[in-house]
Amino acid sequence: MDKESPRSVSFRTHRRGERSNLNQHSKDVEEGFPLGRVTQDYPMKIVWKKGFIRLVLVGGILWMLLILLASLFHVWSCQSSISFFSAMCNKESKVFSMLDSLGFVPKGQSQHRCPIPVVSDPDKIKIPKGRTPDEIVKNLTYVLDDEILPDGTQTSPLFGGHQNWAEREESFRLKSDMKLHCGFIRNGGAEMAPADIKYVKKCRFVVASGIFDGYDVPHQPSNLSPRSKKLFCFLMAVDETSLEFIKGNVTVREDNDGGKWVGIWRLVLLKHPPYDEPRRNGKVPKILTHRLFPNAQYSIWIDGKMELMVDPLQILERYLWRGKHTFAISQHKHHHSIYEEADANKRRKRYARPLIDLHMKIYRYEGLESWDPTKKTVSDVPEGAIIVREHTAMSNLFSCLWFNEVHLFTPRDQLSFGYVVYRLGGLFKFFMFPNCEYNSLFVLHPHIREHSSRIEWVTSWNQLKGNGSISNKGKDWDQASAKNGLVESRGGLGLWTPYPANLDSVVLPPVARTSKAG
């Protein structure tokens, strides 16, 4: 028995080894290795597998690094002080056009947002000393009292004044000393409280905005540097309706001098709205910022529904000081011609269609052609929600002329901008920057509620004259019995004053719709 025990153990060990070999052979067969080549091919298979995986991983890492480097180069180039590289981000530049013609620019829809080549540190921005010298118009004064009639009586005060066609024509003839209508006729409306008048006198740098008809609340700017918080006055013009609405929805703080504040914004009440139409009231602080805040040297206007995302000093450096401009505004995303913009306004019911057509016929008669690439301007249509200005005499003159057109015709200020540029014959220099930068300056918040004026729904002259009804989502508005009527009593009077020429033969240029969104 003792002699058989080692043999039995040895036998079991041998059998286990055989089973192990059989299992390994079976596994190799299942994996596709011929039984005779298992020993020599198996290590090569392992090496090949591991090498392929490593190759894929290294290739993926290299590809991601390449994408990262390209993205970093793009960001750097947009913010570079070297004009060649920064120009690659500007779709209107010759460098971009050259790259596009060589096929290096991918085709497709235009960018909605793009990096803004701003100086990274607002504390390092050098503010120019003094003011940009006035070379053409050196002294600008304004009509403050409305006209005296031939019998010696005076008309009821109208905020924009009763400018006649001859005065309008004369206002476009530039001289060293000029006096013209520019809103703020005495007792015409939009009066400020004494406490606000005193406060704004100290403001040299202004970020201005406005809310009218109670359809928004102020949005606090983001990314403000401590330097800009000390340097800028943030002034929000409001009417009485909006002030009450804001008080009911957000916290309004009142200081010891009677000033009202929402966060960083000081609310500036404009009592007695000068116009019947809320949108036209909103043009007063937007276009006439230099009249509302007369001691300001620089201003940045933003619409009330916008939250500013870029430091104001960076904006002034980028859009004014770097290129030695005094006026900067974004180009429209979709339209270049005011006739194209007018067509979009009619489709979207932004104002009475026959009045928009009459407005455009006057401009057509006075020689304004549709925009085309041969024009010296980037576009005739701005995206006016952000306007950056130095308040020089020429810049202020342009703003007055622009406002006078809004006062005389329709409140759609984008329809008048290109006309005033045209009438000044290239003497007004401005910077129209790419729309994708415009969309990177702010966050656009939706209105809390939409407002709509009856006149926006008018489609025919019969409706304007009270011979028809306007259907608004099933509700008929009978302007014949309406309390306020459809026709504005204090704005757009140029459309109801006989024009000194026959417009019957004027044909508006055909409009090709270039964008579904436009």
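Keep in mind the model is a prediction, meaning the values are calculated, not measured.

Digging into the side chain of His 335
Okay, step 1: Structurally, the position occupied by His 335 is in the loop between strand S11 (327–331) and helix H13 (338–347).
Okay, step 2: The exposure class assigned to His 335 is buried, which follows from its relative accessible area of 4%.
Okay, step 3: Side-chain polar atoms of His 335 contact the side chain of Glu 341, separated by 2.6 Å.

Regarding the nonpolar core
Okay, step 1: One finds Leu 235, Phe 327, Tyr 363, Phe 398, Trp 402 and Phe 417 to be the most contacted residues of the largest nonpolar core, which totals 76 residues.
Okay, step 2: A per-element tally of this core places helix H15 (residues 393–408) first, with 10 residues.
Okay, step 3: Discounting chain neighbours no more than four positions away, the residues touching Phe 417 are Phe 327, Ile 329, Asp 380, Pro 382, Phe 398, Trp 402, Phe 430 and Met 432.
Okay, step 4: With 39 residues, the next largest nonpolar core counts Ile 300, Leu 320, Trp 321 and Phe 442 among its residues.

As for the pairing of strand S5 (residues 232–238)
Okay, step 1: Burial runs high along S5: seven of the seven residues are buried.
Okay, step 2: Neither face of S5 is open: one carries Phe 232, Phe 234, Met 236 and Val 238, the other Cys 233, Leu 235 and Ala 237, and all of them are buried.
Okay, step 3: Across seven bridges, strand S4 (residues 205–211) lies against S5 in parallel orientation. Residue pairing in the sheet places Ile 211 in a bridge with Val 238 of S5.
Okay, step 4: Of the pairings in the sheet, the one linking S5 to strand S8 (residues 265–271) comprises four bridges and is parallel in character. The residue of S8 that forms the bridge with Val 238 is Leu 269.

What to know about the packing of H13 against helix H14 (residues 353–365)
Okay, step 1: Here H13 crosses H14 at 170°, and the two axes come no closer than 10 Å. Relative to H14, H13 is oriented roughly antiparallel. Touching Ile 338, Tyr 339, Ala 342, Asn 345 and Lys 346 of H13 are Arg 353, Ile 356, Asp 357, Met 360, Tyr 363 and Arg 364, all from H14.
Okay, step 2: Classifying every residue of the contact of H13 with H14 gives six nonpolar, one polar and four charged.

Here is what the cut-offs are and how they apply
Once a new chain begins, its residue numbering starts again from 1 and follows that chain's sequence as written. Whole-chain, interface and lining totals are the exception, using all residues; otherwise, since this is a predicted model, local features are given only for residues with pLDDT of at least 70 and side-chain atom pairs are given and counted only at 80 or more. Side-chain figures throughout are based on the complete set of non-hydrogen atoms in the structure, without hydrogens or water. Runs of H or I in DSSP of at least four residues are treated as helices and runs of E of at least two as strands, each being numbered from the N terminus. Relative accessibility under 20% of the residue-type maximum defines a buried residue, over 50% an exposed one, and the middle range a partly exposed one, all with a 1.4 Å probe and only protein chains included. Polar contacts here mean pairs of N or O atoms no more than 3.5 Å apart (in protein, one a potential hydrogen donor and the other a potential acceptor; neighbouring residues in sequence count only if both atoms are side-chain atoms). Here the nonpolar core consists of buried residues drawn from Ala, Val, Leu, Ile, Met, Phe, Trp, Tyr and Cys, with membership extended through side-chain atoms lying within 4.5 Å. Contacts are assigned to residue pairs that have any heavy atoms within 4.5 Å of one another. At least two DSSP bridges between two strands are required for those strands to pair. Fitted lines through C-alpha atoms serve as axes, helices being fitted only where they are in contact, and the angles separating the N-to-C directions of these axes extend from 0 to 180 degrees. Under this scheme an angle from 65 to 115 degrees is roughly perpendicular, one under 35 degrees roughly parallel, and one over 145 degrees roughly antiparallel; angles in between are oblique. Ten residue types, Ala, Val, Leu, Ile, Met, Phe, Trp, Tyr, Cys and Pro, are classed as nonpolar, four, Asp, Glu, Lys and Arg, as charged, and the remainder, Gly among them, as polar.

All we've got here are geometric facts, nothing functional implied.
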